[in-house]
Amino acid sequence: ADVKLNTQALMARYSFSDKYSIIGGVRKAELKDSTLNTVAPADYSIDAIDKSGMVYGLAYERPDIALKFEVLRSEKITVGLTGNVTFSGSPLPVTGTLVIPEATSINFQTGIMENTLLMASAHNVKWKGSDVELDVAAIPALNQASNFSNTNSYSLGLGRRLNDATSASLTYSWEKGTNPNGASTSPFTMSNGSETLSAGVQHKIGSITISGGISYTKVGDVDVTHSSGLTASYAGNSVTAVGIKFGYNF
């Protein structure tokens, strides 16, 4: 599969006081032209489409001890799919759905000593029922579908202010696998949980904030046994990501 899904969000925060605030916004999921090749052999082409959903939450803060507790919730986004599949040289119409699942995040931080923060978060995603489905009315045997399970992920980290302009952080994150013993029957399953170590640095220059970081993720192994009898084994995989962000305060 060659699929690119871009997500953008426009967020706003309104503070009732120095302690309480609410958060709201819109999240847009944009699917680019995508392809899926199978051993049938059948080659699927999916048309580009975009869809939006709401994001909302609330926050409680105690600036005197650098405490912040935030709950964010993202609505489910159901995207209708169209395209075609080439099978035995003949193009056939394809319809289907792609669901961006609803998600809830809890973020927490508090000062534990001078210039040092303890940070923690929990993230629940309702993947169950938020599957990818491709339907070929002319030949139902060419239908494709995923079978996901809900996930919970967590992170724990420390942040340290090095001086008035620079701070750094180190975070450990983990997600428990949902496939017992790494076994799955869904061809869309390519991992079984993960562990991530991340390091970041933030530097302020006047009203500009520059943040950068790197993370390394060890992905859990999984063995897939499909109903067709075909099997796949994903083992020893990892992901390294590097990011940078620019912010302007006004």
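Analysis parameters
- Residues numbered from 1 in each chain as written.
- Predicted model: local features only at pLDDT ≥ 70, side-chain atom pairs only at ≥ 80, totals over all residues.
- Heavy atoms only, no water.
- Helix = DSSP H or I, 4+ residues; strand = E, 2+ residues; numbered from the N terminus.
- Contact = heavy atoms within 4.5 Å.
- Lys, Arg positive; Asp, Glu negative; His and termini not counted.
- Charge placed at Lys NZ, Arg CZ, Asp CG, Glu CD.
- Buried < 20%, exposed > 50% of the residue type's maximum accessible area, 1.4 Å probe, protein only.
- Pairing = 2+ DSSP bridges.
- Phe/Tyr/Trp six-rings, centres within 6.5 Å; stacked < 30°, edge-to-face > 60°.
- Salt bridge = Lys/Arg side-chain N within 4 Å of Asp/Glu carboxyl O.
- Core = buried A, V, L, I, M, F, W, Y, C linked by side-chain atoms within 4.5 Å.

Overview of the overall build of the chain
Part 1 of the argument: Across its full length, the chain holds zero helices and 20 strands.
Part 2 of the argument: Reported as C-alpha extents along the three principal axes, the dimensions of the chain are approximately 65 × 35 × 30 Å.
Part 3 of the argument: In the chain, of all internal contacts separated by at least 6 residues, the share reaching a separation of at least 24 is 56%.
Part 4 of the argument: Computing the positive centroid from 19 side-chain charges and the negative centroid from 21, the chain places the two 8 Å apart.

Considering unusual backbone geometry
Part 1 of the argument: One non-glycine residue, alanine 66, lies in positive phi territory at about 55 degrees.
Part 2 of the argument: On the basis of relative accessibility, which here comes to 30%, the residue alanine 66 falls in the partly exposed class.
Part 3 of the argument: Of note, asparagine 181 is a non-glycine position whose phi angle comes to about 60 degrees, a positive value.

A short note on the sheet that holds strand E19 (residues 231–234)
Part 1 of the argument: The three strands lie next to each other as E15-E18-E19, forming an open sheet whose pairing is mixed. Bordering the open sheet on either side are strand E15 (183–184) and E19, each of which pairs with just one other strand.
Part 2 of the argument: By the bridge criterion, two bridges tie E15 to strand E18 (residues 222–225) in an arrangement that is parallel. Within E18, the residue paired with alanine 183 across the bridge is aspartate 223.

Focus on the side chain of asparagine 179
Part 1 of the argument: For asparagine 179, the location among the structural elements is in the loop between strand E14 (166–175) and E15.
Part 2 of the argument: Taking the relative accessible area as the measure of exposure, asparagine 179 reaches 14% and is therefore buried.
Part 3 of the argument: Setting aside its immediate chain neighbours within four residues, asparagine 179 contacts Ser184, Thr189, Ser191, Asn192 and Val222.

A look at the pairing of strand E8 (residues 90–100)
Part 1 of the argument: The pairing of strand E7 (residues 77–87) with E8 spans eleven bridges and is classified as antiparallel. By the bridge assignment for E8, valine 85 is matched with leucine 92.
Part 2 of the argument: Counted along the chain from E7 to the antiparallel partner E8, the turn is two residues long, and its residue serine 88 has a positive phi close to 55 degrees.

With respect to the packing of aromatic side chains
Part 1 of the argument: The final tally for this structure, using the stated rule, is six aromatic pairs.
Part 2 of the argument: Ring geometry for tyrosine 14 and phenylalanine 16: centres 5.3 Å apart, planes at 85 degrees, overall edge-to-face. Comparing tyrosine 14 with phenylalanine 16 shows no difference in burial state: the two are exposed.
Part 3 of the argument: Among the aromatic residues, those joined into a cluster by ring pairs are Tyr154, Tyr172 and Trp174.

Brief notes about the pattern of salt bridges
Part 1 of the argument: Tallied over the full model, the rule gives four salt bridges.
Part 2 of the argument: The shortest N-O distance in the salt bridge between glutamate 70 and arginine 13 comes to 3.0 Å. Taken together, the positions of glutamate 70 in strand E6 (residues 67–74) and arginine 13 in strand E1 (residues 5–15) put the pair 57 residues apart, joining distant regions of the chain.
Part 3 of the argument: Judged by its relative accessible area of 11%, glutamate 70 falls in the buried class.
Part 4 of the argument: Looking at arginine 13, the relative accessible area reads 39%, which means it is partly exposed.

Focus on the nonpolar core
Part 1 of the argument: Core analysis: the biggest nonpolar cluster contains 18 residues, and Tyr44, Leu81, Val85, Val94, Leu134 and Val136 have the highest contact counts within it.
Part 2 of the argument: Of all the secondary structure elements, the ones that give two or more residues to this core are strand E2 (20–31), strand E4 (42–46), E7, E8 and strand E11 (132–135).
Part 3 of the argument: Contacts of valine 85, omitting those with residues within four sequence positions, involve Ala42, Asp43, Tyr44, Ser90, Pro91, Leu92, Val94 and Val136.

Some remarks on the sheet that holds E7
Part 1 of the argument: Here six strands make up an open sheet; going across it, the order is E3-E4-E7-E8-E11-E12 and the pairing antiparallel. Whereas interior strands pair on both sides, the edge strands pair on one side only; in this sheet they are strand E3 (34–37) and strand E12 (144–145).

Looking at the environment of threonine 185
Part 1 of the argument: Residue position: threonine 185 is located in the loop between E15 and strand E16 (194–205).
Part 2 of the argument: Residue classification places threonine 185 among the exposed positions, given a relative accessible area of 55%.
Part 3 of the argument: Among all residues touching threonine 185, those that are not within four sequence positions of it are Val224, Thr225 and His226.

Topic: the pairing of strand E10 (residues 116–125)
Consecutive residues of a regular strand have side chains that alternate between opposite faces of the sheet.
Part 1 of the argument: The pairing of strand E9 (residues 103–113) with E10 spans ten bridges and is classified as antiparallel. Residue pairing in the sheet places serine 105 in a bridge with histidine 123 of E10.
Part 2 of the argument: Following E9, the chain reverses through two residues before pairing antiparallel with E10; asparagine 115 in that reversal takes a positive phi of roughly 65 degrees.
Part 3 of the argument: Inspection of the sheet shows E10 paired to strand E13 (residues 151–161) by ten bridges, in the antiparallel sense. Across the sheet, valine 125 pairs through a bridge with threonine 151, a residue of E13.

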